[in-house]
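# Inside the fold
Spelled out from the first residue to the last, the chains are:
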Amino acid sequence: MNGNWSWDTFSEAFPIVLEGIWITIGLTIACYLFALIFGFVWTFLRRVPFKPFNWVVTWVMEFIRSTPPLVQLFFIFYAWPMVPVVGMALDPFTSAVLGLGIHFSTYIGEVYRSGIDGVDKGQWEASTALNFSTRQKWMKIILPQAIPPTIPMLGNYLIIMFKEVPLASTIGVVGILHMANSYGAQHWAYLEPLTIVAILFLILSYPSAILIKKLEIKMNTRFDKKAVLNGSSKGAVS
Amino acid sequence: MSEPIVKFQDVHKSFGDVKVLKGIDLEIKPAEKVAVIGPSGSGKTTIIRMLMTLEEPTAGDIIVGDQNLWKMEKNGNMIEANDKHLREIRGDIGMVFQHFNLFPHMTILENCMTAPIHVKKESKESARKHSIEMLEKVGLGDKLDNYPSQLSGGQKQRVAMARALVMRPKVMLFDEVTSALDPELVGEVLEVIRDIAKDGEMAMILVTHEMDFALDVADKVLFLDEGVIAEQGTASDVIEHSKNERLQSFLKRFRS
């Protein structure tokens, strides 16, 4: 059974590969939630008004972004247990959540930052003038404006992450790639199972991409309800 | 003579190496209407921004009521004011901005209601009632559920005034509120300010380029030039009869 496409192999491999889909999806969601939450931590740390601290945080983020996620994954899974004192052995799934989650949190943190920086300075000043507390400024005025424009970008990262999750098969997380690989090794047939993997990824990520495109259009037009009457106030941001 | 509600005592402000204000002394009485005029870059806006706590003075004292705005006492020493101290005093001051700064994610009515509800802890019903009253007063009673992006510049600025007024400040600051407007929309905004001024009790500081308007509304006019108050007095003293040459040449540019 080498070289030629066989529908028999295809239909035999399909349910086996599909078994891994829940792990793949589950890992994507777990990594993503981790990155969303940890992204807030980066954003918060970068706003601490103490320059040297900021430099350190920025440098650490840059370091994490500049090393390949695969290397980080290997480090956490293989090297971390050998680190004295703080080191510990983690199972493959947890290692993958930590590794990919931390890697992507640095990007997500940037997305949050761009959202916050995108809010006009006048909004802060108006909320000071109305005597809001710091907490109220964030919750009532700044975040409601900062978050919606970032939703399409956050969605894009979800898809990118979904496509990076097969990296976890290298440390033994049994997702669809891992299932396909082991099927291939057992039956010496890689063409069909790996084609199945590609199809499954396509089926999941393509509609998501369309959905995100739609979201983006919706976000861009969210306050322009009907005609904007004579809104010509020379670059003023209201 | 009633006690001044706002006092500036030798207030200086620098941005980096640039000295914008070089010793401002100023007293404003309750209900007094003060216009601040002067060439751009003279520090007019900085004066009211410091009073609104948007800029911290480099030196000097700003007194609101009987409290020092930017300093507070701790164990017998005067130290830099913390956020709590600023919040206590800031409640007496309101501001309208050149670029309106309405909250785009809220309707006109919500723009007005949000601070009374969350800052003053007013009930929703009473905040709503007062906000609608105020919006009717500025002529926008029919736009309550519109979003800022659906309004003209003049309408936005009137909403901004209603939003500041529902907080019932004792001092209201106007920062070149007509400068960002198309010329044909300036009149409607000035009309509302005139209306507010007539109501009395509230002190007002207007940074403005509208000389005729200043003459009409203000009890007192300050001419600010190169970081100091170069001339002050009643509107007619300053605008009509001053001998100050720089003031004369400044005014000439508006009167041609």
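Because the structure is predicted, anything quoted here is derived from the model rather than measured.

## Some thoughts on the packing of helix 2 (residues 21–46) of chain A against helix 3 (residues 51–66) of chain A
With their axes 9 Å apart at the nearest point, helix 2 of chain A and helix 3 of chain A run at an angle of 145° to one another. Between helix 2 of chain A, through Trp42(A), Leu45(A) and Arg46(A), and helix 3 of chain A, the contact on the second element is made entirely by Asn54(A), Val57(A), Thr58(A) and Met61(A).

## Concerning the domain arrangement of chain B
By convention, interface size is frequently given as the accessible area that disappears when the constituent parts associate. All names here are of chain B. Split into domains, chain B comes out as domain 1 (1–92 + 172–178 + 186–256) and domain 2 (99–168). Tallying the contact residues gives six residues for domain 1 and seven residues for domain 2. Broken down by element, the side of domain 1 that touches domain 2 gets its largest block of residues, four residues, from helix 6 (residues 183–199). A class-by-class count of the residues in the side of domain 1 that touches domain 2 yields five nonpolar, no polar and one charged.

## What to know about the sheet that holds strand 4 (residues 59–64) of chain B
The pairing of strands in a sheet happens through backbone hydrogen bonds and is either parallel or antiparallel. Residue and element names in this part refer to chain B. One open sheet accounts for four strands, arranged 2-1-4-5; its pairing is antiparallel. For this open sheet the edge positions go to strand 2 (18–28) and strand 5 (67–68), each flanked by a neighbour on one side alone. As judged from the eight bridges shared by strand 1 (residues 6–15) and strand 2, these two strands associate in the antiparallel manner. Its bridge partner being in strand 2, phenylalanine 8 is matched across the sheet by leucine 26.

## Describing the sheet that holds strand 10 (residues 203–207) of chain B
Residues and elements named next belong to chain B. Within the open sheet, the six strands sit side by side as 8-9-10-3-11-12. Their pairing is mixed. The open sheet is flanked by strand 8 (93–96) and strand 12 (228–233), the only strands paired with a single partner. Averaged over neighbouring strand pairs, the angle between their axes works out to 20° when direction is ignored. In this sheet, strand 11 (residues 220–225) lies alongside strand 3 (residues 33–37) in parallel orientation, the contact comprising four bridges. Note on strand 11: the bridge partner recorded for alanine 35 is valine 221.

## Quick notes on the UniProt feature "domain: ABC transmembrane type-1" (unreviewed entry) in chain A
According to UniProt, the feature "domain: ABC transmembrane type-1" (unreviewed entry) maps to residues 21–212 of chain A in the numbering used here. End-to-end, the C-alpha atoms of residues 21–212 of chain A are 22 Å apart, and along that stretch the chain is 78% helix and 0% strand.

## Some thoughts on the UniProt feature "transmembrane region" (unreviewed entry) in chain A
UniProt's feature table lists "transmembrane region" (unreviewed entry) at residues 20–45, 167–184 and 190–212 of chain A, given in the numbering used throughout. End C-alpha to end C-alpha, residues 167–184 of chain A measures 18 Å, and it is 50% helix and 0% strand.

## Let's talk about the nonpolar core
The biggest cluster of nonpolar side chains holds 82 residues, and the ones touching the most others in it are Val36(B), Leu173(B) and Val221(B). It is helix 5 (residues 153–165) of chain B that provides the largest number of residues to this core, a total of six residues. Mapped onto the domain boundaries, this core takes at least three residues apiece from domain 1 (1–92 + 172–178 + 186–256) and domain 2 (99–168) of chain B. Contacts of Val36(B), omitting those with residues within four sequence positions, involve Lys44(B), Ile47(B), Ile205(B), Leu206(B), Val207(B), Leu222(B) and Leu224(B). Among the nonpolar cores identified, the runner-up in size contains 25 residues, and Ala35(A), Leu98(A), Leu100(A) and Leu154(A) belong to it.

## Quick look at the environment of Thr43(A)
Residue and element names in this part refer to chain A. Looking at where threonine 43 falls in the secondary structure, it is placed in helix 2. Residue threonine 43 is classed as partly exposed on the basis of its 18 C-beta neighbours within 10 Å. For the pair threonine 43 and histidine 178, spaced 135 residues apart in sequence, the C-alpha to C-alpha distance is 35 Å. Contact partners of threonine 43, with chain neighbours within four places excluded, come to Gly109, Tyr112 and Arg113.

So, how was this worked out
- Residues numbered from 1 in each chain as written.
- Chains lettered and ligands numbered in written order.
- Predicted model: local features only at pLDDT ≥ 70, side-chain atom pairs only at ≥ 80, totals over all residues.
- Axes fitted to C-alpha atoms, helices over the stretch in contact; angles between N-to-C directions.
- Helix = DSSP H or I, 4+ residues; strand = E, 2+ residues; numbered from the N terminus.
- Contact = placed C-beta atoms within 7 Å.
- Domains from an automatic or database assignment.
- Nonpolar A, V, L, I, M, F, W, Y, C, P; charged D, E, K, R; others polar.
- Pairing = 2+ DSSP bridges.
- UniProt positions renumbered as here; feature names shortened; annotations may be inferred.
- Core = buried A, V, L, I, M, F, W, Y, C linked by C-beta atoms within 7 Å.
- Buried ≥ 20, exposed ≤ 12 C-beta atoms within 10 Å, placed from the backbone.

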